[in-house]
Amino acid sequence: MADTPAFPPDLLDALRRARHVAVLTGAGGSAESGIPTFREAQTGLWARFSPEELATPAAFARDPRLVWEWYAWRRGLVRAAEPNPAHRALAALEGLVPRLTLITQNVDGLHARAGSADPIELHGSLARARCRSCHAVYAEWEEAGEPPPRCSRCGDLLRPDVVWFGETLPRDLLGRAVEAALGCDVFLSVGTSGLVEPAASLPRLALERGAPVAVVNPEVPGRPAPPLYALRGRAGEVLPALLRAAWGEAPGRGPGPPMRGQ
Ligand code: BV8
Ligand code: ZN
């Protein structure tokens, strides 16, 4: 068995006893699927722009085609990508705890593709587009003619169905995420730089209540002390090891000894 890094025993204990675990993921959770994070320099054509410049209503108003093509490029990356062991470990975690709330800032849909039942996609999804006027939502669309494609209902331009900087998050999704941060027994913050609000406040809400908060990231600044834990490493390695350390070899089974014949 690969030697699992030593995890703090009280964190493992809190996980095993938890009735409700909340998880927030960021771009670092998809990094091992080959999806560039926001902090990394973007490759090629997109090296000239920063996401904060392109992921805004003003950028789309100024140059709809450029913004639409940036998202088409990212959609291509996601289509070519597979969920990584971090996504799969979080999908397995659903079967190990009574209640799991998975909250993601990512728009790549990889948690659902890994089998997570109901990821809260706080910032929307690349897989959908919506009309900028009548707000009709599309899961598929014709890419004929000059991009962006147009709404079949009102003829205006489609835009990616994501939350841009300066736009408010869907109230119901944010409400569920805040409720999970306020009610969970353990909070895992995975692969996020914690710079973008209001998502960045979620781990803080849990920590302020004294709930154990574990940060899974190769870079964790400072010297965190319980109930804040630094699990320094890549999510695709740390999360499977954490499940093995807490629940044993077969992370796909519920707590307790594996049932026969399963
Ligand atoms: C809003 C979708 C109300 C689009 C995104 C205070 C309160 C409220 C708002 C604000 C505020 N202060 C500032 C604001 C405005 C703004 C904001 O937060 N700006 C920042 C830049 C300061 N917030 C908003 O506009 C939000 N709206 O609050 O509405 C309002 C309205 C008007 C005016 C005021 C308030 C909307 C924010 C949503 C924006 N949309 N995405 C798209 O994807 O194109 S944000 C986007 O960037 C992501 O979704 C994500 O949230 C963020 C990137 O962050 P991360 O995911 O953390 O990724 P990052 O690259 O930064 O870090 C990766 C991490 O992974 C690193 O730490 C790295 O070390 C680690 N890592 C790398 N490899 C691995 C790894 N970890 C583990 N394993 C690995 N292998
Ligand atoms: Zn329309």
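Residues numbered from 1 in each chain as written. Chains lettered and ligands numbered in written order. Predicted model: local features only at pLDDT ≥ 70, side-chain atom pairs only at ≥ 80, totals over all residues. Heavy atoms only, no water.

It is worth spelling out the layout of surface pockets at this point. Computed from the structure, the second largest pocket encloses a volume of approximately 260 Å³. For the second largest pocket, the lining is made up of 19 residues, of which Glu121, Gly124, Arg128, Pro170 and Leu173 are closest to its centre. Of all elements in the fold, only β3 (120–121), β4 (124–131), β6 (158–162) and α7 (171–183) reach the threshold of two or more residues within the lining of the second largest pocket. Class assignment of the residues belonging to the lining of the second largest pocket gives a composition of eight nonpolar, four polar and seven charged. (1 Å grid on protein atoms, 1.4 Å probe; cavity = no way out; pocket = protein on both sides within 12 Å on 5 of 7 lines; lining within 4 Å. Points joined across faces, edges and corners; volume = space filled by probe spheres on them. Helix = DSSP H or I, 4+ residues; strand = E, 2+ residues; numbered from the N terminus. Nonpolar A, V, L, I, M, F, W, Y, C, P; charged D, E, K, R; others polar.)

Around ligand 1 lies a shell of 35 residues, among which Arg39, Tyr71, Arg74, Gly166 and Ser193 are the nearest. Between ligand 1 and Glu32, the relevant distance is 2.8 Å, taken from a nitrogen atom to a side-chain nitrogen or oxygen of the residue. Thr192 places a side-chain nitrogen or oxygen 2.7 Å from an oxygen atom of ligand 1. In isolation ligand 1 exposes 1,500 Å². Once the protein is present, 76% of that is buried. (Near = heavy atom within 4 Å. Polar contact = N/O pair within 3.5 Å; in protein donor to acceptor, adjacent residues only side chain to side chain. Areas by Shrake-Rupley, 256 points an atom, 1.4 Å probe, with all protein chains shown as cover.)

The next point concerns the coordination of the zinc ion (ligand 2). Every protein donor of the zinc ion (ligand 2) is listed here as Cys131 (SG), Cys134 (SG), Cys151 (SG) and Cys154 (SG), and their distances to the metal cover 2.2 to 2.4 Å. Coordination geometry of the zinc ion (ligand 2): the four donor atoms subtend angles of 97 to 123° at the metal centre, consistent with an arrangement described as tetrahedral. Read from N- to C-terminus, the donor residues coordinating the zinc ion (ligand 2) fall into the pattern C-x2-C-x16-C-x2-C. Of the two residues, Cys131 is situated in strand β4 and Cys151 in the loop between β5 (137–138) and β6; the sequence distance between them amounts to 20 residues. Comparing Cys131 with Cys151, the two get one shared label, buried. (Donors = N, O, S within 2.8 Å, 3.2 Å for Na, K, Ca; no water. Tetrahedral: all angles 85-135°; square planar, octahedral: opposite > 155°, others 65-115°. Buried < 20%, exposed > 50% of the residue type's maximum accessible area, 1.4 Å probe, protein only.)

Right, let's get into the sheet that holds β6. Sheet strands line up and pair through hydrogen bonds in the backbone, either parallel or antiparallel. Across the sheet, three strands lie side by side as β5-β4-β6; this open sheet has antiparallel pairing. Each edge of the open sheet is held by one strand with a lone partner, namely β5 and β6. Of the strand pairs in this sheet, β4 and β5 are connected by two bridges, and their pairing is antiparallel. When the sheet's bridge partners are listed, Arg130 is paired in β5 with Val137. (Pairing = 2+ DSSP bridges.)

Okay, the domain arrangement of the protein chain next. Interface extent is often summarised as the accessible area lost during association of the parts. Entries for the protein chain in the domain assignment read domain 1 (1–35 + 83–123 + 169–249) and domain 2 (36–80 + 125–162). With centres defined by C-alpha atoms, the gap from domain 1 to domain 2 works out at 28 Å. At the boundary of domain 1 with domain 2, total buried surface from both sides reaches about 980 Å², with 61% on carbon and sulfur atoms. By the criterion of area lost to domain 2, the three top residues of domain 1 are Ala27, Ile35 and Val107, representing 49% of everything that side buries. Summed over the shared surface of domain 1 and domain 2, the result is one salt bridge. For Glu121, the salt bridge goes to Arg128, with nearest N and O atoms at 3.8 Å. Taken together, the connections running from domain 1 to domain 2 amount to four residue pairs in polar contact (both at pLDDT 80 or more). (Domains from an automatic or database assignment. Buried area = accessible area lost by both parts, 1.4 Å probe. Salt bridge = Lys/Arg side-chain N within 4 Å of Asp/Glu carboxyl O.)

What follows deals with the environment of Ala246. With respect to the helices and strands, the residue Ala246 is situated in helix α9 (residues 235–247). Given a relative accessible area of 6%, Ala246 falls into the buried group. Between the alpha carbons of Ala246 and Leu11 there is a distance of 8.9 Å; along the sequence they are 235 residues apart. Ignoring sequence-local partners within four residues, the contact set of Ala246 consists of Leu12 and Arg16. (Contact = heavy atoms within 4.5 Å.)

Another point: unusual backbone geometry. Backbone geometry follows two general trends: most residues other than glycine have a negative phi, and most peptide bonds adopt the trans configuration. Of note, the amide linkage connecting Pro147 to Pro148 takes the cis form, showing an omega dihedral of 0°. Inspection of the secondary structure assignment puts Pro148 in the loop between β5 and β6. In this chain, Glu197 is followed by Pro198 through a cis amide linkage whose omega measures 0°. Structurally, Pro198 can be placed in the loop between β7 (186–190) and α8 (201–208). Positive phi, close to 65°, is recorded for His135, a residue that is not glycine. Mapping His135 onto the fold places it in the loop between β4 and β5.

Let us now look at the packing of aromatic side chains. Tallied over the full model, the rule gives four aromatic pairs. Between Phe60 and Trp164, the aromatic rings sit 5.5 Å apart at their centres with planes inclined by 40°, giving tilted as the arrangement. Of this pair, Phe60 sits in helix α3 (residues 57–62) while Trp164 sits in the loop between β6 and α7; the two residues are 104 residues apart in sequence, bridging distant segments of the chain. When sorted by exposure, Phe60 lands in the same class as Trp164, which is buried. Between Tyr71 and Trp164, the aromatic rings sit 6.3 Å apart at their centres with planes inclined by 50°, giving tilted as the arrangement. Of the two residues, Tyr71 is situated in helix α4 (residues 64–79) and Trp164 in the loop between β6 and α7; the sequence distance between them amounts to 93 residues. Across the pair, Trp164 and Tyr71 agree in class, each one buried. An aromatic cluster is defined as three or more aromatic residues linked by ring pairs; in this entry it consists of Phe60, Trp70, Tyr71 and Trp164. The cationic tip of Arg74 hangs over the ring face of Trp70; the distance from NZ or CZ to the ring centre is 4.6 Å. (Phe/Tyr/Trp six-rings, centres within 6.5 Å; stacked < 30°, edge-to-face > 60°. Lys NZ or Arg CZ within 6 Å of the ring centre and 35° of its normal.)

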